[in-house]
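# A look at the structure
The residues making up each chain are set out below.
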Amino acid sequence: MFESLTERLAQIFRELRGKGKLSEADVRAGLREIRQALLAADVHYQVARDLLRRVEEQAVGKRVLDSLTPSQQLLAIVRKEMTALMGGEAQTLSLSGRPAVVVLVGPAGSGKTTTAGKLARFLSRKGRRPLLVCCDPFRPAASEQLATLAARVEVPFFNAPDPLPGMEAALREAKSSLRDVVIVDTPGVPPGEEPPELLAELVRKVHPGDVLLVLDALTGQEAARIAEVFLPLGVTGAVLTKLDGDARGGAALSVPTRIGRPVLFVGVGERPEDLEPFHPDRMADRILGLGDLQGLVEKLEETAGDELKQTAARVREGTLTLEDFLAQLEAMGKAGPLSQLLARIPGIKGALDDPELERDLRRSRAIIQSMTLEERRNPHIIGASRKRRIARGSGTSVQEVNRLLAQYEKTKKLVKKMRRGRIPPGLGPLNMG
Ligand code: GDP
Ligand code: MG
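In this report, we go over the structure that sits alongside the text. (Residues numbered from 1 in each chain as written. Chains lettered and ligands numbered in written order. Predicted model: local features only at pLDDT ≥ 70, side-chain atom pairs only at ≥ 80, totals over all residues. Heavy atoms only, no water.)

Here the focus is the nonpolar core. Ranked by internal contacts, the top residues of the largest apolar core, which has 77 residues, are Leu 38 and Met 82. Here this core spans two domains, and each of domain 1 (3-85) and domain 2 (100-287) adds at least three residues to it. Not counting chain neighbours up to four residues away, the residues in contact with Leu 38 comprise Leu 5, Val 43, Ala 48, Leu 51, Leu 52, Met 82 and Leu 253. Core analysis: the next-biggest nonpolar cluster, separate from the first, contains 25 residues, Leu 93, Leu 132, Leu 146 and Leu 212 among them. (Core = buried A, V, L, I, M, F, W, Y, C linked by side-chain atoms within 4.5 Å. Buried < 20%, exposed > 50% of the residue type's maximum accessible area, 1.4 Å probe, protein only. Domains from an automatic or database assignment. Contact = heavy atoms within 4.5 Å.)

Time to look at the environment of Leu 31. You can see Leu 31 is positioned in helix H2 (residues 24-40). Separated by 21 residues in sequence, Leu 31 and Leu 52 have C-alpha atoms that sit 6.7 Å apart. In contact with Leu 31, not counting residues within four places along its chain, are Leu 52, Val 55, Glu 56 and Leu 74. (Helix = DSSP H or I, 4+ residues; strand = E, 2+ residues; numbered from the N terminus.)

Orientation of helix H8 (residues 163-176) relative to helix H9 (residues 197-206), taken along the N-to-C sense of each, is 35°, at an axis distance of 10 Å. With respect to the hand of their crossing, H8 and H9 are arranged in right-handed fashion. Of H9, the residues touching H8 (which contributes Pro 163, Leu 164, Met 167, Glu 168 and Leu 171) are Leu 198, Glu 201, Leu 202, Lys 205 and Val 206. (Axes fitted to C-alpha atoms, helices over the stretch in contact; angles between N-to-C directions. Left-handed = near helix turned anticlockwise from the far one by under 90°.)

The next subject is the packing of aromatic side chains. All chains considered together, the criterion is met by one aromatic pair. Arranged with centres 5.1 Å apart and planes meeting at 80°, the rings of Phe 122 and Phe 265 form a pair that is edge-to-face. Taken as a pair, Phe 122 in helix H6 (residues 112-125) and Phe 265 in strand E7 (residues 263-267) lie far apart in primary sequence, 143 residues in all. (Phe/Tyr/Trp six-rings, centres within 6.5 Å; stacked < 30°, edge-to-face > 60°.)

In this section: the site of ligand 1. Every one of the 17 residues lining ligand 1 counts as a neighbour, but Lys 112, Thr 113, Thr 114, Asp 244 and Glu 270 are closest to it. A distance of 2.5 Å separates an oxygen atom of ligand 1 from a polar side-chain atom of Thr 114. Between ligand 1 and Glu 270, the relevant distance is 2.6 Å, taken from an oxygen atom to a side-chain nitrogen or oxygen of the residue. Protein coverage of the free-state accessible area of ligand 1, which is 580 Å², stands at 77%. Tallying contributions element by element places H6 first for the shell around ligand 1, with four residues. Of the residues in the shell around ligand 1, the class split is three nonpolar, nine polar and five charged. (Near = heavy atom within 4 Å. Polar contact = N/O pair within 3.5 Å; in protein donor to acceptor, adjacent residues only side chain to side chain. Areas by Shrake-Rupley, 256 points an atom, 1.4 Å probe, with all protein chains shown as cover. Nonpolar A, V, L, I, M, F, W, Y, C, P; charged D, E, K, R; others polar.)

So, on to the pairing of strand E2 (residues 130-134). Among the five residues in E2, five count as buried, and that is most of the element. A two-sided burial pattern is seen for E2, the buried positions comprising Pro 130, Leu 132 and Cys 134 on one face and Leu 131 and Val 133 on the other. Here five bridges tie E2 to strand E4 (residues 181-185), and the two strands are oriented parallel to one another. The partner of Val 133 across the bridge, within E4, is Val 184. Remark: the E2/helix H7 (residues 141-152)/strand E3 (residues 157-159) crossover connection has right-handed handedness. (Pairing = 2+ DSSP bridges. Right-handed = clockwise from strand over helix to strand, strands pointing away.)

All told, the structure shown has 18 salt bridges when counted by the stated rule. Residue Glu 222 is joined to Arg 225 by a salt bridge in which the shortest nitrogen-to-oxygen separation is 2.7 Å. Taken together, the residues Glu 222 and Arg 225, both in helix H10 (residues 222-227) and three residues apart, mark about one turn of the helix. By relative accessible area, which is 34% here, Glu 222 ends up partly exposed. Across the pair Arg 286 and Glu 276 runs a salt bridge, and its minimum N-O distance is 2.9 Å. Here the residue Arg 286 occupies a position in helix H12 (residues 280-287), and Glu 276 occupies one in strand E8 (residues 275-277), the gap between them amounting to ten residues. (Salt bridge = Lys/Arg side-chain N within 4 Å of Asp/Glu carboxyl O.)

So, on to the packing of helix H3 (residues 45-59) against helix H5 (residues 70-85). In the contact formed by H3 and H5, the axes pass within 10 Å of each other and the chain directions differ by 140°. Considering the angle they form, H3 stands oblique to H5. H3 and H5 meet at a crossing whose hand is right-handed. Residue-level inspection shows Val 47, Leu 51, Arg 54, Val 55, Gln 58 and Ala 59 of H3 in contact with H5, the latter providing Leu 74, Ile 77, Val 78, Lys 80, Glu 81, Met 82 and Leu 85. A per-class count over the contact of H3 with H5 returns nine nonpolar, one polar and three charged. (Parallel < 35°, antiparallel > 145°, perpendicular 65-115°, else oblique.)

In structure tokens form, the structure reads like this:
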């Protein structure tokens with residue numbers, strides 16, 4: 001996600017940091033480079049210009065230039081303004097009404113049906129009782145795709161091919177089966193066309209609390225223009241899909257202000273679990289290469305069993321023992337593609353391309369498993385003879401044990417720093433090798 005933009009921004013900040021003291025000219029040159037990086041990432045030019053203007057107003061003052069860490073201050077300002085640009089506070093679904101109705105609209109192929117399934121899973125896990133409804137009079141096969149997804153996420157399905165009477169029947173069905181959220185998938189609108197009148201009629205009639213516009217992030221800043229024809233339907237928020245394949249970031253940065261509606265969720269893969277609530281501050285951190293520890297912890301909490309939830313809680317508190325670390329390594333096996341999780345940690349990217357990563361993880365796990373409980377809790381007691389025993393037990397070497405212990409120390413420090421929000425981009429001690 002956002003690899004190319006993140007790399008460029010990290011490079012710009014590395015250079016600024018290397019300079020130490022910054023002159024006004026240095027800052028202006030840095031901002032120009034950031035602007036170019038944003039434009040290359042397909043951020044709308046007006047969005048980039050406004051963002052940089054706000055940053056410049058705050059950055060070219062005495063306080064920043066005279067501070068001991070001007071590049072850090074500049075980074076903090078960029079982070080704050082990027083967060084504001086993407087909507088500031090995270091927004092949620094209104095889910096008003098009984099049952100609450102969420103209608104998904106958008107261009108063909110943007111990911112509406114997939115998102116409907118993801119949303120049903122997301123809401124079920126929050127304790128809601130969704131009903132998935134397919135409202136597509138044009139494509140009979142559309143209902144099969146949603147019915148299959150519904151079965152997969154274990155949510156009931158209702159077909160309403162004739163939208164107006166169909167929706168009435170769906171709402172009756174929801175009430176009688178005590179379903180409290182009705183998620184409605186609608187036909188895709190071909191590029192360049194207006195949404196069919198039927199869609200407007202449906203919205204007028206049903207009064208949904210949420211009308212979500214599903215947009216494909218791969219269309220970049222175009223997404224905002226594509227959105228225009230849908231806004232008159234009473235769109236309340238947007239979902240940006242396919243962020244997993246988006247190396248640029250143009251849509252994430254441009255869409256919220258361009259369409260004047262908050263982004264509520266992002267799609268990060270094809271599976272039902274690949275949906276995340278959109279948090280502008282965390283997204284800014286990811287774009288700036290600051291990692292997203294909060295997101296990592298939530299992912300662990302969501303995917304993992306009870307033991308992992310405790311780990312996540314401890315990571316959150318800022319205490320991380322070797323035992324937790326082991327649990328985390330184990331979790332990575334469980335919590336879906338390892339790379340997806342690791343990508344949230346700054347500096348880990350290089351390691352991801354390493355085919356030996358999985359092997360190293362297995363060895364790390366073996367080393368920790370060869371430790372006694374006491375050693376795991378108090379790694380400082382591990383002296384030379386214990387190291388030899390652990391190496392023998394795990395089929396590794398003393399050097400490898402040393403490396404793991406050093407890596408654990410680094411992780412611990414990194415976690416602490418991240419909690420204080422002070423990780424400079426590009427700083428990457430977390431190398432699994
Ligand atoms: P619809 O026409 O708007 O209903 O779009 P679909 O839900 O049928 O999705 C179109 C294609 O996009 C399918 O192949 C999906 O698997 C894929 N897709 C949807 N969301 C995501 C996502 O977040 N990431 C990725 N990689 N693919 C997605
Ligand atoms: Mg569809």
